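# Close look at the chain arrangement
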Amino acid sequence: MSLQNAYLKEVYEKVCKRNQGEPEFLQAVQEVLESLEPVVEKRPDIVAEGVIDRIVEPERVITFRVSWVDDQGKVQVNRGFRVQFNSAIGPYKGGLRLHPSVNASVIKFLGFEQIFKNSLTGLPMGGGKGGSDFDPKGKSDREIMRFCQSFMTELCKHIGPDTDVPAGDIGVGAREIGYLFGQYKRLRNEFTGVLTGKGLTYGGSLTRTEATGFGLCYFVNEMLAAKGTSFAGKTVAISGSGNVALYAAQKATELGGKVVTLSDSNGFIYDPNGIDLAVAKDIKEVKRGRIKEYADRVPGSVYTEGKRVWGTKCDIALPCATQNELDLDDANALIANGVQFVAEGANMPSTPEAVEAFQKAGVFFGPAKAANAGGVAVSGLEMSQNSIRLSWTFEEVDEKLHGIMKNIYKNAYDASVAYGCPGNLVAGANIAGFLKVAEAMIAQGVAY
Ligand code: NDP
């Protein structure tokens, strides 16, 4: 699909000119603008107020040097980023990613997506994202600590509980958040909810670890129910083996599905008997090992090097690793194998051609912005608990998460109906997320 509306075309051309060499960011903007075609037709006030021209430009982009000393005493230099994209409905909120592939394009695409995702949760959070091209793989605990401290030494000047509240993402889990929080506190002499994903002993929320994966399955549950079915007896293929993948696998299994795959950037495992989660968690969360070790430990499972999981026969596919990990060939392989539901745990894991192929084939498709919003939703709940200095139980947070995911599904579905594309959750999620932010931007005016 390509843009038809002349005004949106013009906006997109400007974005392309201004952000050359940033393919991921342009991909994310194009998808949202395509969804907004019917909104632009119905709402001339949004065009008149320049909302779309403004929303595609980050409010602030911070790039900084992160120098640190490795275990051999050698000085290392990485590049740090924080993109504060939009604060119309609340303080900037979004994760920090540590991965060698991180660059301005990746962080801007993630920050842009975050605006709409955060809006969909119904909680008061703006959109932001950050990270560094630092590679945590193979680094010692001390090296991770020194990197995180150096990163926060600069970042702390730009964030705060009412300004910008970062969280985890790829390569940033409880250990890294702990080091980052410790350094913020040392530098600012403030114990505040400036980060989410904190440990339970210092202000973290129960259910945050599980939130994105659980939320994804609650969302898929709504998709299944809409088609009169459920997880029971369904075969589920999941990619990745990090935070999102592991807890998606847990909830899908609890709801009656059989999860048969997990992967990492080296290859994937297939277990026809259903993934043994205790083994997978031990390898990834405790030993920080590689997924191929699973096949050495669980009889009957198979490891395939250098391949993705998408050749596996399944009813439900949940990409939970990284952006553009599922392309047109993968989509065609899944469709040929009879997949009926696809929902994105990772951010933008399916290429635009793959999404189009799913939609044409009648596969019910749940986009990342809606389907993986459970993580940031519970981050929002962590902020609430920090503000009132109280902690809710696991069950209380889980119940709130479940309610939020149901609402996101309903709002995305309703928007798809209201704007003439019933069941197209890509368009519905973009439109529903956008409209709330647009109203706030109009209300707050333009600085003359
Ligand atoms: P983790 O770091 O815990 O796990 C990432 C997983 O994806 C690992 O298995 C990793 O394998 C794999 N992976 C990462 N990069 C690549 C790559 N380039 N090619 C193939 N595999 C890769 O991250 P999360 O589980 O937290 O995040 C996964 C996805 O979910 C990301 O897109 C993230 O933005 C998104 N997300 C995460 C949320 C959260 O709460 N954590 C919230 C919402 C979205 P390897 O070890 O080999 O690198």
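Taken together, 24 residues sit near the ligand, with Asp-169, Thr-212, Ser-265, Arg-290 and Asn-347 positioned nearest. Asp-169 is positioned such that a nitrogen or oxygen atom in its side chain is 2.6 Å from an oxygen atom of the ligand. Taken by itself the ligand offers 890 Å² of open surface, and the protein chains cover 83% of this. Of all the secondary structure elements, the ones that give two or more residues to the shell around the ligand are α9 (208-226), α10 (243-254) and β7 (258-264). Of the residues contributing to the shell around the ligand, the split by class is 5 nonpolar, 13 polar and 6 charged. Taken domain by domain, the shell around the ligand gets at least three of its residues from each of domain 1 (60-191) and domain 2 (211-366).

On the basis of which strands lie adjacent, the open sheet formed by 5 strands has the order β1-β2-β4-β3-β5 and mixed pairing. Either end of the sheet is taken by a strand with one partner, and the two such strands are β1 (60-69) and β5 (164-167). If you compare each strand with its neighbour and ignore which way they point, the axes differ by 20 degrees on average. As paired strands, strand β2 (residues 75-86) and strand β4 (residues 126-132) are joined by 6 bridges and run antiparallel to one another.

Turning to the domain arrangement of the protein chain, a few remarks are in order. Partitioning the protein chain into domains gives domain 1 (60-191) and domain 2 (211-366). If you average the C-alpha positions of domain 1 and of domain 2, the two centres end up 27 Å apart. The interface of domain 1 with domain 2 comprises 11 residues on the first partner and 8 residues on the second. Between domain 1 and domain 2, the buried area comes to about 720 Å², and carbon and sulfur atoms account for 43% of it. Considering only the side of domain 1, the residues that lose the most area to domain 2 are Phe-109, Lys-137 and Arg-175, jointly responsible for 46% of the buried surface there. Here domain 1 and domain 2 share 0 salt bridges between them. Run the count over domain 1 and domain 2 and you get 2 residue pairs in polar contact (both at pLDDT 80 or more). The leading source of residues in the side of domain 1 that touches domain 2 is helix α6 (residues 104-120), at 5 residues.

Cut-offs applied
Residues numbered from 1 in each chain as written. Predicted model: local features only at pLDDT ≥ 70, side-chain atom pairs only at ≥ 80, totals over all residues. Heavy atoms only, no water. Near = heavy atom within 4 Å. Polar contact = N/O pair within 3.5 Å; in protein donor to acceptor, adjacent residues only side chain to side chain. Areas by Shrake-Rupley, 256 points an atom, 1.4 Å probe, with all protein chains shown as cover. Helix = DSSP H or I, 4+ residues; strand = E, 2+ residues; numbered from the N terminus. Nonpolar A, V, L, I, M, F, W, Y, C, P; charged D, E, K, R; others polar. Domains from an automatic or database assignment. Pairing = 2+ DSSP bridges. Axes fitted to C-alpha atoms, helices over the stretch in contact; angles between N-to-C directions. Contact = heavy atoms within 4.5 Å. Buried area = accessible area lost by both parts, 1.4 Å probe. Salt bridge = Lys/Arg side-chain N within 4 Å of Asp/Glu carboxyl O.

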